[in-house]
Every structure is written in C-alpha cells, then in structure tokens.
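# Secondary and tertiary structure notes
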Amino acid sequence: MRIKQRLAFLSAAALLLASVLSACGQDGGGSANGTGQTDAGKKQEAPTEISIMTMYYTPEPPGEDNVVVKEIEKRTNTKLKITWVSPNSYTDKVNVTLASGDIPDLMLLDDPFHAQVRMMVAQGAFWDITPYLKDYPNLSKYPAETWNNTKQADGKNYGIPRVRPVEGGGYIYIRKDWLDKLGLTVPQTTDEFYDVMKAFTDRDPDGNGKDDTIGFVGFVDQTGMSYFTQLQNTFNKVNSDWKLVDGKLVNVNLLPGTRETLVWLNKAYKEKVIPEDFAVLKNTQAKDLLKSNRGGAFQDTVEAAWEPTEELRKSDPKADFLPLVGLNGYSNRDSGFFGMFAIPKKVPEEKMKKLLQFMDYGASDEGYDLAAYGFEGVHYTQKDGIYTATEQAKKDIVAQGAFGQIFGKYDKYLRAYRVGMPPDVLERNKKIIDEKTKISVPDPSVGLNSDTNTKSGPELRKKIQDLKTKIIIGKEPISAWDDYVNKLKTDPDMVKITNELNESYQKRMAGAQ
C-alpha cells in the first residue's frame, strides 16, 4: 500500500515539472485525452470546460489559481470551474441546486438516495453510466460492492461513487495494555467482552489507586443506539437496522439480538461498566474520557484508535488501543462509498465520456496522488515509507480535504493509517483489516426506498430509542420491550416500511440481473 493515501493533508503548493503522460488506462496513470496531451504531430484539442460542485474540509477552499488545480488542468487538458461548498451547508446547497435545474457537469450528491434525487433519476435527469464503465479501467477497479450499493431502484448506476473502503469502519477498540496488565486475553465473544469491560471498571487498570475507570465508553442519541450501534449489530450479526431472514428484510428491533443487547447494557449500567450519563454524553466528551486514561473501550474506525493512543503515549509509552477484528464471529462491512458524482443528461454524450475519462484519471495512482498530496519535496516528504505534509502544503491548500474530495482512488487499507502512526501499528491495522474481510457482514438495505420510512420513520425511531434508553437505565423492565415488540410487529407504519423496503429490494435485485 502507498501510505500517503491516508494522510490527512491540509493544503496545496508550487508547481513542479509535469510528467510526459501515456494514454489513460494503460498503467493507471497518464492523461485523460481526449482531454490530455496529444501525440507528437497531432493538433492540441481545445480544453474541455468542466463545472464541478463539491465540498471541502480545509480551512479555506482552493482558489482558481491553486497549483494542484492548475496542474490537473494541464495534465487533463481541461478548464475547471469548481464550486466549493462547506460540508456544514452542503445538503442545503444540493437541494437548491437540484431545484434550480442549473446543475454542474459533475455534481457531488452527498445522499444519492434522497427523495429528490430518486425522483430526478426516474425522470431521466442524469446519465446512466452503467454501459460505459467497462471503458474506464481505473473506475472499474472500484469494489463491486461500491458500484452495487450506489445502484438506483432500477439496478443502474447514475453517478461515480466517492469510493471508500468496505473494511475498517467503526467498530470496537480496547486498551491492549490494560489487558496485558490484568492478565486478560483479547475477547472473542460478547460475554468475554463484558468480563473484560467489568475488569477494566473494577480492577484499577490505570494503577492510580482510584475507582475512576469506565470499561466501555459509549452513548446513544434520540433516534438510535449511536456509539452502542456496533454492539447491537454484533448481537444481530448485521451492519444495519434490517437483516435478511429467509430472503426478506426484517427490522432488527424484532429480532432476539436487540433484546440481548438491552439486557447486556442494562447489566453494564447497573455495574457502572458504561458511563452513567450515556444518554446525554457527546462524542467529544467520550473521547476526552479515553484521552484522560479513564476509558477502556470505544467504537470508531480502525485508524481512529490511534488518536487516543497517541495522546496517552505522551505520558505512558505503553498505552495502546487495539481495534478488535470482531465479536461472536461478526464484524461490520461498510457500503464502500460516501456520496457520488452525477452527470446531468443535458451534457452531450461525447462530453459525458470526457467527464468519465477525467474521473478515471483521478482514480489512477498519478491523478489521485497529485490531487490529494501534491508534489514530493514541496508538499510532502517521505521517510521509511511514511509521508508527511509540509507547511507549504498548508499554505497552498493541498489536501485530501480539497481536490481529494473530487478525485478518488480505491485503497483497501485507507482506514489503516493516520499521520504520525508508527510502522508497527500500521502493519497491525492492515492485518486486522485482512481478518475482518473473512467475517464482515454488509448492510442489505443500503439505497432502498420507503416513502413511509421517510415520512414516519424518524418519529418511530424516536419512540423505539426512548424505550431502549429507559430499559438500559432500569426505568422500564425488559418485559416492557417484549410487549412493545409484539405491538411493533403489527404497527401500521412498521408494516408499511417493511413491505416497501422489501419491494424496493426485490426491484433492485431484479434490475441488477
């Protein structure tokens, strides 16, 4: 793996030499010609003008004179007009732009299955790129799950996914050094996990002589299990609120695993294995517990375990949060995307192909590395295979959070590395991701539509979570959950949501064949 793919760069810098490029797709790099450099003796085509709307995560968005933008224009023979939008207001901007009809050539849809997007797809507003993808080798390297999970109701792809790895998503990680100190082994089941968390709570693993540690740091919100979600998913063995049972989708709240989760958490609450204020705890507060040497476990991505580890190692070099491969023979598999770039049908077919060629270049090693990291020696340095951003990168706004939000290359180990992580932790994380692949379970409901769920789902989820929270803290007995589940099975909204999602699932499966 090329480690630099995961760097959280913050910005971009001055131009270096442009490479002489081969045709796109021959070695994963090269120009995007018809958009790139021409062969000797051939007339240079006029640059293809491309309008793009996307988000940015840098302090400021790149300007028109950004050195990476200019170099990409040069290498792809394009003229880019990019509308950069803050993620804080991106959803609103998408809604306004779609409603206006003035849609850019490449538009990032952060929610490809929003009701407005579905409607416009049905009306023929976007290009079906499915039959063209075979001609773009770098885009074709995206995982099959990434493409399958972005298919619309008719089983076709109407956008280029913003690719993400399917393994390494948010799951449980624990204090390995506390395990070692207490003579415990890495838990393999939810029962063993409970015993470890109880020991972390009761047996003074930090050695300060105080009763101040919490085994499992997690919390819920008003509409779901939030940072206890993967515990519930583990009991149900599915990364979703819906599980395929005998070929049909069933809501997990009707399954025994959810009841087992509530029993587990109620016991944990009584024995102070989870925070007493879990119902109101915020993410930043939870992380503070980890970084202050008080928390023994948390839920986050594989590489995110390095964040509290790095902080703790400032005072304790042996501190170590270990991402678990899984529990009960289960781990979670993610959808493989975060939004997609759609092309409006008003774009002529020939230009649409050039847009695909442009994005195919961005999925190559050369294209993505330039977009996300800039120029070696200017924007990053390398030592022992690890790449580090320079101050010039910050000044020039060269970052994954900038043009790296447009170009995307698939990297199985994207969630293995964070800046500053030592090689031994990186290699361990890669092995953990490899092991997760053997047992991970996906979400079968990704992209499915239920109008009733859109309308009534939020209120229903609030009612469900309210009862779950009351059961965890002991305000209601577990028998109250049993009674509620029996009612939920015949609840009109739940019945409609279940039927509509199953109809959507069958339709998409038929369209994909």
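What you are looking at is a predicted structure, and each value in this text was computed from that prediction instead of being measured. (Residues numbered from 1 in each chain as written. Predicted model: local features only at pLDDT ≥ 70, side-chain atom pairs only at ≥ 80, totals over all residues. Heavy atoms only, no water.)

Assigned secondary structure in the chain consists of 17 helices and 14 strands. Taking 513 residues into account, the globule formula puts the C-alpha radius of gyration at 24 Å, and the chain, at 24 Å, falls close to it. Overall size of the chain, expressed as C-alpha extent along the three principal axes, is 80 × 55 × 35 Å. Taking all 513 residues of the chain together, 55% fall into the buried category. Expressed as a percentage of contacts within the chain between residues at least 6 apart in sequence, the contacts between residues at least 24 apart total 76%. In the form shown here, the chain has an accessible surface area of approximately 22300 Å², with 49% of it arising from carbon and sulfur atoms. (Helix = DSSP H or I, 4+ residues; strand = E, 2+ residues; numbered from the N terminus. Rg over C-alpha atoms; globule rule 2.2 N^0.38 Å. Buried < 20%, exposed > 50% of the residue type's maximum accessible area, 1.4 Å probe, protein only. Contact = heavy atoms within 4.5 Å. Areas by Shrake-Rupley, 256 points an atom, 1.4 Å probe, with all protein chains shown as cover.)

Two numbers describe how helix α15 (residues 451-473) lies on helix α16 (residues 478-488): the axes approach to 9 Å, and their chain directions differ by 160 degrees. Comparing the axis directions of α15 and α16 gives the class roughly antiparallel. In the crossing of α15 with α16, the sense of the turn from one axis to the other is left-handed. Of the residues in α16, those in contact with Leu460, Lys463, Ile464, Leu467, Lys468 and Ile471 of α15 are Ile478, Ala480, Trp481, Tyr484 and Leu488. A per-class count over the contact of α15 with α16 returns 9 nonpolar, no polar and 2 charged. (Axes fitted to C-alpha atoms, helices over the stretch in contact; angles between N-to-C directions. Parallel < 35°, antiparallel > 145°, perpendicular 65-115°, else oblique. Left-handed = near helix turned anticlockwise from the far one by under 90°. Nonpolar A, V, L, I, M, F, W, Y, C, P; charged D, E, K, R; others polar.)

A word on the side chain of asparagine 77. With respect to the helices, strands and loops of the structure, asparagine 77 is situated in the loop between α1 (67-76) and β2 (78-85). On the basis of relative accessibility, which here comes to 8%, the residue asparagine 77 falls in the buried class. Looking at asparagine 77, its side chain comes within polar contact range of the main-chain oxygen of glutamate 45, at 3.0 Å. (Polar contact = N/O pair within 3.5 Å; in protein donor to acceptor, adjacent residues only side chain to side chain.)

The next subject is the pattern of salt bridges. This structure, assessed with the given rule, holds 27 salt bridges. Between lysine 287 and glutamate 307 there is a salt bridge, with the nearest N and O atoms lying 3.4 Å from each other. A residue pair is termed long-range when its members are at least 10 positions apart, and lysine 287 in helix α9 (residues 283-291) and glutamate 307 in helix α10 (residues 306-312) qualify at 20 residues. Using a relative accessible area of 19% as the deciding quantity, one classes lysine 287 as buried. The shortest N-O distance in the salt bridge between glutamate 303 and arginine 418 comes to 3.4 Å. Here glutamate 303 is found in the loop between β8 (297-300) and α10, whereas its partner arginine 418 is found in the loop between α13 (391-396) and α14 (423-439), with 115 residues between them in sequence. (Salt bridge = Lys/Arg side-chain N within 4 Å of Asp/Glu carboxyl O.)

The next point concerns the domain arrangement of the chain. In terms of domains, the chain is made up of domain 1 (48-165 + 337-415) and domain 2 (170-333 + 443-512). For domain 1 and domain 2, the distance between their C-alpha centres works out to 32 Å. Counting residues at the interface gives 12 residues for domain 1, matched by 12 residues for domain 2. Regarding the contact of domain 1 and domain 2, the summed buried area is about 970 Å², with carbon and sulfur atoms giving 55% of it. By the criterion of area lost to domain 2, the three top residues of domain 1 are Arg118, Ala153 and Arg415, representing 48% of everything that side buries. Connecting domain 1 to domain 2 are 1 salt bridge. (Domains from an automatic or database assignment. Buried area = accessible area lost by both parts, 1.4 Å probe.)

Attention now goes to the sheet that holds strand β5 (residues 171-175). Spatially, 3 strands are ordered β8-β5-β9 in an open sheet, and the strand pairing comes out antiparallel. Across the chains shown, the open sheet's two edge strands, defined by having one partner strand only, are β8 and β9 (321-323). Strand-to-strand twist of the sheet, defined as the mean angle between neighbouring strand axes without regard to direction, takes the value 30 degrees. Relative to β8, β5 runs antiparallel, the two being bridged by 4 bridges. The residue bridging tyrosine 173 from the neighbouring strand is phenylalanine 298, located in β8. (Pairing = 2+ DSSP bridges.)

A word on the sheet that holds strand β11 (residues 337-342). Within the open sheet, the 5 strands sit side by side as β2-β1-β3-β11-β4. Their pairing is mixed. Looking along the sheet, the strands with just one partner apiece sit at the ends: β2 and β4 (160-163). Neighbour-to-neighbour, the strand axes of the sheet open up by a mean angle of 25 degrees, direction not taken into account. As judged from the 3 bridges shared by β4 and β11, these two strands associate in the antiparallel manner. Within β11, the position partnered with valine 163 by the bridge is phenylalanine 337.

A few words on α14. Across its 17 residues, α14 extends 25 Å between first and last C-alpha, which sits within 8% of the 24 Å expected from 1.5 Å per residue. Those residues of α14 that sit buried are Val425, Leu426, Asn429, Lys430, Ile432, Ile433 and Lys436. Down the axis of α14, the buried side of the element spans an arc of 160 degrees, and every buried residue falls inside it. Exposed side of α14, more than 90 degrees from the buried face: Asp424, Lys431 and Lys438 are the residues found there. (Expected span 1.5 Å × (residues − 1). Arc of directions from axis to C-beta.)

Tallied over the full model, the rule gives 22 aromatic pairs. Seen from their ring centres, phenylalanine 193 and phenylalanine 216 are 5.2 Å apart, and the 75 degrees between their planes marks the pair as edge-to-face. Separated by 23 residues along the polypeptide, phenylalanine 193 in helix α6 (residues 190-202) and phenylalanine 216 in the loop between α6 and α7 (229-236) bring together distant segments of the chain. Accessibility assignment for this pair places phenylalanine 193 and phenylalanine 216 in one class, buried. Stacked on the ring of phenylalanine 321, the Lys or Arg arginine 175 has its end atom at 5.5 Å from the ring centre. (Phe/Tyr/Trp six-rings, centres within 6.5 Å; stacked < 30°, edge-to-face > 60°. Lys NZ or Arg CZ within 6 Å of the ring centre and 35° of its normal.)

Core analysis: the largest hydrophobic core is formed by 62 residues, its most contacted members being Leu106, Phe358, Phe403 and Phe407. Looking at this core element by element, the count peaks at 6 residues for helix α11 (residues 349-362). Aside from chain neighbours lying at most four places away, what touches phenylalanine 403 is Val68, Val69, Ile72, Leu80, Ile82, Trp84, Phe358 and Ala371. Core analysis: the next-biggest nonpolar cluster, separate from the first, contains 46 residues, Ile274, Leu324, Tyr484 and Leu501 among them. (Core = buried A, V, L, I, M, F, W, Y, C linked by side-chain atoms within 4.5 Å.)

Running from N to C, helix α2 (residues 90-100) and helix α3 (residues 115-122) point in directions that differ by 25 degrees, and their axes come no closer than 11 Å. One way to sum up the angle between α2 and α3 is to call them roughly parallel. Here α2 and α3 pass one another in a crossing that is left-handed. Contacts between α2 and α3 involve Asn95, Leu98 and Ala99 from the first element and Gln116, Val117 and Met120 from the second. Of the residues in the contact of α2 with α3, the class split is 4 nonpolar, 2 polar and no charged.

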